[in-house]
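Summary of the model geometry
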Amino acid sequence: MFSCNSVYVAARSLSCRATMALEVVQALVSDNGLGIITLDRPKALNAMNLEMDSLYKSYLEGWGKSEKVKAILVQSSSPRAFSAGMDIKSVAAAIKDDKKTTLVSKVFDAEYTLICQIARLKKPYISLMDGITMGFGIGLSCHGTFRIVTERTVLAMPENGIGLFPDIGFAHIAARSPGNGAVGAYLALTGARINNPADALFSGIGTHFVPSENLTLLKEALLHTDFSSDAYGAVHSVLSQFTSSVDSEASLKRLLPSIVSCFGGGKSVMESIAALKKEQMSSDPKVSEWATGALTGLAKGAPFSLCITQQHFHAVAAAACNMDNELQEIEGVMKMEYRLALRTAIRDDFIEGVRAVVIDKDQNPKWKPANLEDVDANGVIECFESLAESEELKI
């Protein structure tokens, strides 16, 4: 029976969520034309929900057209995290209640179109990736021009461990990583964390290292910079004053031959595992330790998700230098990831992964299937197939 009260309750709930978004996605434009977005949801590590995505996107849409806004800075109110990613608990709960919930398509549509918007901005986009920056947090920052890391930055794409796949256009970023995409494939498949500036820069995720103690001075300098003639040049000039050299060689650089051997050339997940087991026998303790860690990371991922990830990242890496392949552009990658996201999110693995990792925290998900050998290859292929034209991502 239709209830006016239920409509009122739903509308009030919608209004409350919109109000909350205004409180935690704060925006202002300074006198010199610097648009600043500050994420202020520290208890949730700035996890992004649909309302936050939509508000963030609306700011960028307006600022992209505004002659007053010359450059954009995105930051967190807390040094603990820039953003830990998507608010997966709310999405998983909605799917658990109804696998046909429209929240899934709405959330991924909002995220993926926002990523394309960031990638195509015609103005400097400066992201301060101070603290935890994972999943969609990387999506909000790493498709922009200036990607600042500090000694507190922690980067990771752990989605295989919750039964999804590393999305947010990370395959596009990974394809351009060292080893013809091998470093990015390694990070995506294993969920390995980057917690030092040298590796963040070597991987291509970060562009500049600024010690956290200099961030306040950097922001003050940006607020007093003249962006009117050459905004990009002005940002470069300011960053040069606060950027520091990293104090050690990137471990990923030292390990690059092994990473390429295990994750390069489009190796299947099973082939990567076999190669890693050989690397475990290396006489170099650093290589052996790395291989063991990579195997542990792979073991945490849902087998179906790992196969999706390997196939997707290989396809995008192969397309990186092919101008005729739609996966060469971020829009093509996001359209493909939208298909994958809609299909993987409603599999039992996602709800189980969120339960095991985020809710119950027993770290013991029961994947279906439980083993790589039992993954249905046809089922993987079907996830990549086109949607009905009306259902495809519109960019």
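With an unreviewed UniProt entry as reference, the protein is termed 3-hydroxyisobutyryl-CoA hydrolase, source organism Ceratopteris richardii. In its Sequence similarities (unreviewed entry) section, the UniProt entry covering the protein states "Belongs to the enoyl-CoA hydratase/isomerase family."

Attention now goes to the overall build of the protein. Within the protein, the regular secondary structure consists of 18 helices and nine strands. Relative to a compact globule of 395 residues, whose C-alpha radius of gyration would be 21 Å, the protein shows 21 Å and is just as compact. If one aligns the C-alpha atoms of the protein with their principal axes, the spans along those axes are about 65 × 60 × 45 Å. Here the protein holds 395 residues, and the buried ones make up 55% of them. Summed over its atoms, the accessible surface of the protein is roughly 17800 Å², and 53% of this surface lies on carbon and sulfur atoms. For the protein, the centre of its 38 positive side-chain charges and the centre of its 45 negative side-chain charges are spaced 3 Å apart.

What follows concerns the nonpolar core. Ranked by size, the top nonpolar core spans 105 residues in total, and within it Tyr-56, Phe-170, Trp-290 and Phe-350 carry the most contacts. In contact with Tyr-56, other than residues within four places in its own chain, are Val-25, Ile-37, Leu-39, Met-48, Val-74, Leu-114, Tyr-125 and Leu-140. Within the second largest apolar cluster, 19 residues are counted, among which are Ile-126, Leu-218, Leu-222 and Phe-227.

Throughout the structure, instances matching the rule amount to seven aromatic pairs. Look at Tyr-59 and Trp-63: their rings are 6.0 Å apart centre to centre, the planes differ by 20°, and that puts the pair in the stacked class. Linking Tyr-59 with Trp-63, this pair stays in helix α2 (residues 50-65), spanning four residues, or about one helical turn. Each member of the pair Tyr-59 and Trp-63 is classed as buried. Relative to Phe-313, the ring of Phe-170 lies with its centre 6.2 Å away and its plane at 55°, an arrangement referred to as tilted. Of this pair, Phe-170 sits in helix α6 (residues 170-174) while Phe-313 sits in helix α15 (residues 303-319), and the two are 143 residues apart along the sequence. Over the ring of Phe-304 we find Arg-347; its NZ or CZ atom is 3.8 Å from the centre of that ring.

Conventions adopted
- Residues numbered from 1 in each chain as written.
- Predicted model: local features only at pLDDT ≥ 70, side-chain atom pairs only at ≥ 80, totals over all residues.
- Heavy atoms only, no water.
- UniProt positions renumbered as here; feature names shortened; annotations may be inferred.
- Helix = DSSP H or I, 4+ residues; strand = E, 2+ residues; numbered from the N terminus.
- Rg over C-alpha atoms; globule rule 2.2 N^0.38 Å.
- Buried < 20%, exposed > 50% of the residue type's maximum accessible area, 1.4 Å probe, protein only.
- Areas by Shrake-Rupley, 256 points an atom, 1.4 Å probe, with all protein chains shown as cover.
- Lys, Arg positive; Asp, Glu negative; His and termini not counted.
- Charge placed at Lys NZ, Arg CZ, Asp CG, Glu CD.
- Core = buried A, V, L, I, M, F, W, Y, C linked by side-chain atoms within 4.5 Å.
- Contact = heavy atoms within 4.5 Å.
- Phe/Tyr/Trp six-rings, centres within 6.5 Å; stacked < 30°, edge-to-face > 60°.
- Lys NZ or Arg CZ within 6 Å of the ring centre and 35° of its normal.

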